[in-house]
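Single-letter residue listing:
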Amino acid sequence: MSSDQNKPSPRSFIGMAVLLIGLTLYAFLAAGIGGLISDWHLAFQMIYYAIAGLIWILPVKRLLQWMGGH
C-alpha cells in the first residue's frame with residue numbers, strides 16, 4: 001500500500017472548507033429568519049424549523065458525494 005492512498009485528496013480539503021463555511025452561514029441565516037418569525041403562531045414556527053432543520057441535508061449529501069469522487 002503506497003502512502004498516496006492514505007493522503008487526502010484536494011477535494012477533501014475544499015469540501016470540508018465549503019461544508020464548515022456553508023453550514024455556519026446557513027445556521028446564522030436560519031436563526032435570523034427564525035427571529036423574524038418569532039411573532040408567528042407556534043405551529044408555523046414549528047413547520048419552519050422542521051423544514052430548516054432538514055433542508056440542508058440535500059446539498060451536503062451532494063457535496064459529500066463530490067468529495068468522495070462518486
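Residues numbered from 1 in each chain as written. Predicted model: local features only at pLDDT ≥ 70, side-chain atom pairs only at ≥ 80, totals over all residues. Heavy atoms only, no water.

Caption draft 1: Molecular detail of the packing of helix 1 (residues 10–36) against helix 3 (residues 57–68). The geometry of helix 1 relative to helix 3 is characterised by a closest axis approach of 9 Å and an angle of 165° between their N-to-C directions. Judged by the angle between their axes, helix 1 and helix 3 are roughly antiparallel. Read as a crossing pair, helix 1 and helix 3 show a hand that is left-handed. Counting all contacts with helix 1, which are made through R11, S12, I14, G15, M16, V18, L19 and L23, the residues of helix 3 involved are V60, L63, W66 and M67. The residue makeup of the contact of helix 1 with helix 3, split by class, is nine nonpolar, two polar and one charged. (Axes fitted to C-alpha atoms, helices over the stretch in contact; angles between N-to-C directions. Helix = DSSP H or I, 4+ residues; strand = E, 2+ residues; numbered from the N terminus. Parallel < 35°, antiparallel > 145°, perpendicular 65-115°, else oblique. Left-handed = near helix turned anticlockwise from the far one by under 90°. Contact = heavy atoms within 4.5 Å. Nonpolar A, V, L, I, M, F, W, Y, C, P; charged D, E, K, R; others polar.)

Caption draft 2: Spatial organisation of the environment of G22. With respect to the helices and strands, the residue G22 is situated in helix 1. On the basis of relative accessibility, which here comes to 33%, the residue G22 falls in the partly exposed class. When the C-alpha positions of G22 and A50 are compared, they lie 19 Å apart, and in sequence the two are 28 residues distant. (Buried < 20%, exposed > 50% of the residue type's maximum accessible area, 1.4 Å probe, protein only.)

Caption draft 3: Looking closely at the packing of aromatic side chains. Under the defined criterion, the tally for this structure stands at one aromatic pair. Considering the side-chain rings of Y48 and Y49, the 5.1 Å spacing of their centres and the 65° angle between planes classify their relative orientation as edge-to-face. Look at Y48 and you get buried, because its relative accessible area is 18%. Among the residues examined, Y49 registers a relative accessible area of 43% and is labelled partly exposed. (Phe/Tyr/Trp six-rings, centres within 6.5 Å; stacked < 30°, edge-to-face > 60°.)

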